[in-house]
Amino acid sequence: MLSASVTNDTAFHPSTFILLGIPGMQDQHVWAAIPFCSMYILALVGNGTILYIIMTDRTLHEPMYLFLCLLSITDLILCSTTLPKMLTIFWLRSHIISYHGCLTQMFFVHTIFATESAVLLAMAFDRYVAICRPLHYTSILNATVIGKIGLACVVRGLLFVFPFVILIERLPFCGHHIIPHTYCEHMGIAKLACASIKPNTIYGLTVALSVTGMDVVLIATSYGLILRAVLRLPSKDAQFRAFSTCGAHICVILVFYVPAFFSFFTHRFGHQVPPHVHIVLANLYLLVPPVLNPLVYGINTKQIRLRIFGFFIGRR
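These numbers come from a predicted model, not from an experiment. (Residues numbered from 1 in each chain as written. Predicted model: local features only at pLDDT ≥ 70, side-chain atom pairs only at ≥ 80, totals over all residues. Heavy atoms only, no water.)

Caption draft 1: Just helix α5 (residues 99–132), in detail. Taking 1.5 Å per residue as the helical rise, α5 with its 34 residues ought to reach 50 Å, and the 49 Å between its terminal C-alpha atoms agrees with that figure. Burial runs high along α5: 27 of the 34 residues are buried. (Helix = DSSP H or I, 4+ residues; strand = E, 2+ residues; numbered from the N terminus. Expected span 1.5 Å × (residues − 1). Buried < 20%, exposed > 50% of the residue type's maximum accessible area, 1.4 Å probe, protein only.)

Caption draft 2: Examining the packing of aromatic side chains more closely. A complete count under the given rule lists 13 aromatic pairs for this structure. Considering the side-chain rings of Phe261 and Phe264, the 6.0 Å spacing of their centres and the 85° angle between planes classify their relative orientation as edge-to-face. Note that Phe261 and Phe264 are positioned in helix α10 (residues 236–269) at a spacing of 3 residues, about one turn of the helix. (Phe/Tyr/Trp six-rings, centres within 6.5 Å; stacked < 30°, edge-to-face > 60°.)

Caption draft 3: Looking closely at the pattern of salt bridges. As enumerated under the stated definition, the model contains 2 salt bridges in all. Of the charged contacts, one joins Asp126 and Arg127 as a salt bridge, the two residues approaching to 3.0 Å between their closest N and O atoms. Judged by relative accessible area, Asp126 falls into the buried class, the value being 2%. One salt bridge connects Asp215 with Arg156, and the closest N-O pair in it is separated by 2.8 Å. (Salt bridge = Lys/Arg side-chain N within 4 Å of Asp/Glu carboxyl O.)

Caption draft 4: Region of interest: unusual backbone geometry. The residue Arg93 is not glycine, and still its phi comes out positive at about 55°. With respect to the element layout, Arg93 can be found in the loop between α4 (83–92) and β2 (96–98).

Caption draft 5: Looking closely at the state of the cysteines. Applying the stated criterion across every chain yields a total of 2 disulfides. Each sulfur in the disulfide pair Cys102 and Cys184 lies 1.9 Å from the other. Judged by the torsion about the S-S bond (-115°), the Cys102/Cys184 disulfide is left-handed. Highlighted residues: Cys102 in helix α5 and Cys184 in the loop between β3 (178–179) and α8 (186–190), separated in sequence by 82 residues. Of the residues examined, Cys102 reaches a relative accessible area of 0% and is grouped as buried. Each disulfide pairs two cysteine sulfurs, and for Cys174 the partner residue is Cys194, the sulfurs being separated by 1.8 Å. The sign of the S-S torsion, about 70°, decides the handedness of the disulfide formed by Cys174 and Cys194: right-handed. With Cys174 in the loop between α7 (143–169) and β3 and Cys194 in the loop between α8 and α9 (198–231), this pair connects stretches of sequence that are 20 residues apart. (Disulfide = S-S within 2.5 Å.)

Caption draft 6: How the structure looks around the packing of α7 against α9. Where α7 contacts α9, the two axes come as close as 10 Å, and the packing angle between them is 165°. On the basis of their axis angle, the class for α7 and α9 is roughly antiparallel. The interaxial crossing formed by α7 with α9 has left-handed handedness. Contacts between α7 and α9 involve Arg156, Leu159, Phe160, Pro163, Phe164, Leu167 and Ile168 from the first element and Pro199, Asn200, Tyr203, Gly204, Val207, Val211 and Asp215 from the second. (Axes fitted to C-alpha atoms, helices over the stretch in contact; angles between N-to-C directions. Parallel < 35°, antiparallel > 145°, perpendicular 65-115°, else oblique. Left-handed = near helix turned anticlockwise from the far one by under 90°. Contact = heavy atoms within 4.5 Å.)

Caption draft 7: Representation of the nonpolar core in the model. In this structure, Ile54, Leu68, Ile219, Tyr223, Tyr285, Tyr297 and Ile304 are the most contacted members of the largest nonpolar core, which totals 50 residues. If you list the elements that add at least two residues to this core, you get α2 (29–56), α3 (63–80), α5, α7, α9, α10 and α11 (275–299). The dominant element in this core, judged by the number of residues it contributes, is α5, at 13 residues. Excluding anything up to four places from it in sequence, Leu68 contacts Ile50, Ile54, Met123, Tyr297, Gly298 and Ile304. One finds Ala32, Leu87, Ile89 and Phe173 within the second-largest nonpolar core, a separate group that totals 40 residues. (Core = buried A, V, L, I, M, F, W, Y, C linked by side-chain atoms within 4.5 Å.)

Caption draft 8: Expanded view of a nonpolar patch on the surface. A cluster of nonpolar side chains, namely Val30, Trp31, Ile34, Trp91 and Leu92, defines an oily patch on the protein surface of about 570 Å² accessible area. The greatest single-element share of the nonpolar patch, amounting to 3 residues, is contributed by α2. With respect to the element layout, Val30 can be found in helix α2. (Patch = residues over 30% accessible without salt bridge, like charges linked within 9 Å, V, L, I, M, F, W, Y side chains within 5 Å. Areas by Shrake-Rupley, 256 points an atom, 1.4 Å probe, with all protein chains shown as cover.)

Caption draft 9: Structural view of the side chain of Gln105. By the element assignment, Gln105 lies in helix α5. Judged by its relative accessible area of 8%, Gln105 is buried. Those residues in contact with Gln105, other than ones at most four positions away along the chain, are Thr81, Thr82, Lys85, Ile97, Tyr183 and Cys184.

This is the structure:
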């Protein structure tokens, strides 16, 4: 009886999953890992530097820089949930991940992505208030409000992503345990099930469109209002600087959202998309933004740039 119970439990939920890596590119895994590892190191150094400078300089404890701290923290966690395991797959051929380890990785990937999306929205709102309502900036975005916004970003991610775990737990897998991916994510796991995954598909699309999609709409609205205010500036030089800054921000936001939505919709509708293209893009939206954000939001900011230069000059 005990043996039969163990067998049935294993058939319902496998004890382990096998992550294949990038389908069709297994022979190039060793070389493909080099650019991924390089970008991971850049993300760690860049975001770590931003955090160190802002946390050690009390003059930078202002709303814009506190939001930048939140962004750097989410970037560090986002890329660290997938890259270490991916590198062990590519270099050490360690393809096995436990069932609960896979669900844990899935939970953190989607939670941190949703949190970072909310942080980007908060930063867009911060820029809107600073440019369009400068006289009310400090009263609207005080320390208490920033703390509440940060907490709301995290709680929102937890609340919307936790049902993914419940939806996966209810599925039988009938011995299927090979995931053609470099990390565990909701639909990649659900597709292995030998039962209807319609609730998974519907809820996943609902979250993508209503939560992340709404973030995109509100971010676009904020930058639209900012650009309208910038066009009213009398100085052409001020307009150019504002446009260049907003343009860089918008480019990074597009790099974050476009591959993410491509990955989401490819799972549901993109049956003609080559698997290796899908998997590579699914990795890029978790890795490229953490590399670019310190450059665009950090080094592109005069106060942080001066402190970085001052740090290196002082070390000589």
